[in-house]
Amino acid sequence: MCSSDLDLDGIPVDLSLSVGIALIDSDHANLQMALRRSDVAMYRAKQNTQGRIAIFNDADDSLELDHYRLFVDLMQAVRDQQLAVHFQPITNQKADLVAVEALARWHHPRIGAVSPELFLDVAERYRETNSLSDTLITLALQGFEPLQRGVADLRLNLNISPSKLCDPQLPTLLDQLLQQHGIAAERITIEITERSVLRANPVVRANLKHLRARGMAISRSEEHTSELQSPCNLVCRLLLEKK
C-alpha cells in the first residue's frame, strides 16, 4: 500500500511505513516501558526516509532512551509554550546595528538550559521538526515586530531547518506572519544550511523561488566547513544565486 505515491488534489504525496517493535518478557511485563521502547524503535525506523522495521534491544536502553525522553519533553515544551527566541545583534564596521539573528532557547524545568544544537538535533532525529519550526518562526517574528520600529531598516536573520525548507506550507506560514506583524518581506534574510541544499528537491526550489519573489534574501549559514572543503559549495552558489 506504500509502494506508490498518493494523489491528493493533483499533488503527489510520498508514503512510507515505519514499524517499531519491543520484545518483552510476559512474566515481567511493564506496559509503560514496553510502549516507550516500541516508540524508540519506531522513531529509529522513521530515521530511514524509506521506512522500515526496527526492533528495540537492550543495547538501546541508555542513550537512546535519554534522547527519547528529551524529545518527549521538547514536544511538551512546544505545547506548553516554554520555548523562547533571543536576538543577537549584528553590527557593521561603524558599530551601527543593522540586523539581529533569531536564536532558539529552551530552559528545561529539570536539567536547565538545553543547547539549541542538542534539542534541534533531537527533533530532526525523530523527524518531528514541523511544529518546533513553526513555533520558533512565530516567536522570532513576534519578537522582531517591536524591534523594527526602533531601528530604521533593521533586518532579521531567520534560520530555517532543512526539514522545514522541505515543507510546501512554509511560504504561506511566512506570508501570514509577516502580514500579521506588519513586517516587510525585504527585512528578512532566510539562512539555510548546506544540508538544505543537498536536499534541494522541487519543493525546496519552489520555496526558495517564492521567498525571493517576495523580496526576502537567501543566505547560507555557516556550518564550520571551509569553502575549499565544502562538497556542495558550487551547488550552494548556483542554488542561492539562481533567480
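Cut-offs used in this document
Residues numbered from 1 in each chain as written. Predicted model: local features only at pLDDT ≥ 70, side-chain atom pairs only at ≥ 80, totals over all residues. Heavy atoms only, no water. Helix = DSSP H or I, 4+ residues; strand = E, 2+ residues; numbered from the N terminus. Buried < 20%, exposed > 50% of the residue type's maximum accessible area, 1.4 Å probe, protein only. Contact = heavy atoms within 4.5 Å. Areas by Shrake-Rupley, 256 points an atom, 1.4 Å probe, with all protein chains shown as cover. Polar contact = N/O pair within 3.5 Å; in protein donor to acceptor, adjacent residues only side chain to side chain. Salt bridge = Lys/Arg side-chain N within 4 Å of Asp/Glu carboxyl O. Pairing = 2+ DSSP bridges. pLDDT = per-residue confidence, 0-100. Expected span 1.5 Å × (residues − 1).

### What to know about the overall build of the protein chain
Right, so step 1: A tally of regular secondary structure across the protein chain gives nine helices and ten strands.
Right, so step 2: Buried residues in the protein chain amount to 38% of all 243 residues.
Right, so step 3: The long-range fraction of contacts in the protein chain, counting pairs at least 24 apart against all pairs at least 6 apart in sequence, stands at 67%.
Right, so step 4: For the protein chain, the exposed surface amounts to about 14400 Å²; the carbon and sulfur share of it is 53%.

### Comments concerning the side chain of Asp 175
Right, so step 1: With respect to the helices and strands, the residue Asp 175 is situated in helix H6 (residues 170–181).
Right, so step 2: Polar side-chain contacts of Asp 175 include one of 3.0 Å to the side chain of His 210.
Right, so step 3: Setting aside its immediate chain neighbours within four residues, Asp 175 contacts His 210 and Arg 214.

### Re the environment of Met 216
Right, so step 1: Turning to its location among the elements, Met 216 is positioned in the loop between helix H8 (202–213) and strand E10 (217–220).
Right, so step 2: Taking the C-alpha atoms as reference, Met 216 lies 5.3 Å from Ile 188; in sequence the two are 28 residues apart.
Right, so step 3: Those residues in contact with Met 216 that lie beyond four places of it in its chain are Leu 174, Leu 178, Ala 185, Ile 188, Ile 190 and Leu 211.

### Thoughts on the pattern of salt bridges
Oppositely charged side chains may form a pair once their charged atoms are brought near each other.
Right, so step 1: Counted according to the given criterion, the structure contains four salt bridges.
Right, so step 2: Glu 145 is the salt-bridge partner of Arg 149, the closest N and O atoms lying 3.1 Å from each other. Of this pair, Arg 149 and Glu 145 both sit in helix H4 (residues 129–150), four residues apart, roughly one helical turn.
Right, so step 3: You can call Arg 149 exposed: its relative accessible area is 62%.
Right, so step 4: Of the residues examined, Glu 145 reaches a relative accessible area of 21% and is grouped as partly exposed.
Right, so step 5: Among the charged side chains, a salt-bridge network with shared partners connects Asp 134, Lys 164 and Asp 167.

### Topic: the pairing of strand E9 (residues 188–192)
Along any regular strand, the residues point their side chains to alternate faces of the sheet.
Right, so step 1: In terms of burial, E9 is a largely internal element, five of the five residues being buried.
Right, so step 2: In E9, alternate side chains face the same way, and those of Ile 188, Ile 190 and Ile 192 on one face and Thr 189 and Glu 191 on the other are all buried.

### Regarding the pairing of strand E6 (residues 97–108)
Right, so step 1: With nine bridges connecting them, strand E5 (residues 83–91) and E6 associate as antiparallel partners. The partner of Ile 90 across the bridge, within E6, is Ala 99.
Right, so step 2: In this structure, the hairpin formed by E5 and E6 is closed by a connection of five residues, where Ala 95 is found at a positive phi of approximately 70°.
Right, so step 3: Relative to strand E8 (residues 155–159), E6 runs parallel, the two sharing three bridges. Bridge pairing in E8 places Ala 99 opposite Arg 155.

### As for the confidence of the model for the protein chain
Right, so step 1: On average, residues of the protein chain carry a pLDDT of 79, and 69% of them reach 70 or more.
Right, so step 2: Contacts from residues 224–238, a stretch scored under 50 in pLDDT, to residues over four places away or in other chains number 15 contacts.

### Topic: H6
Two residues of an α-helix separated by three or four positions point the same way, owing to the 3.6 residues in each turn.
Right, so step 1: For H6, with twelve residues, the first-to-last C-alpha span of 17 Å sits near the 16 Å given by 1.5 Å per residue.
Right, so step 2: Those residues of H6 that sit buried are Leu 170, Pro 171, Leu 173, Leu 174, Asp 175, Leu 177, Leu 178 and His 181.
Right, so step 3: Of the surrounding elements, those touching the buried residues of H6 are H4, E8, helix H5 (162–165), E9 and H8.

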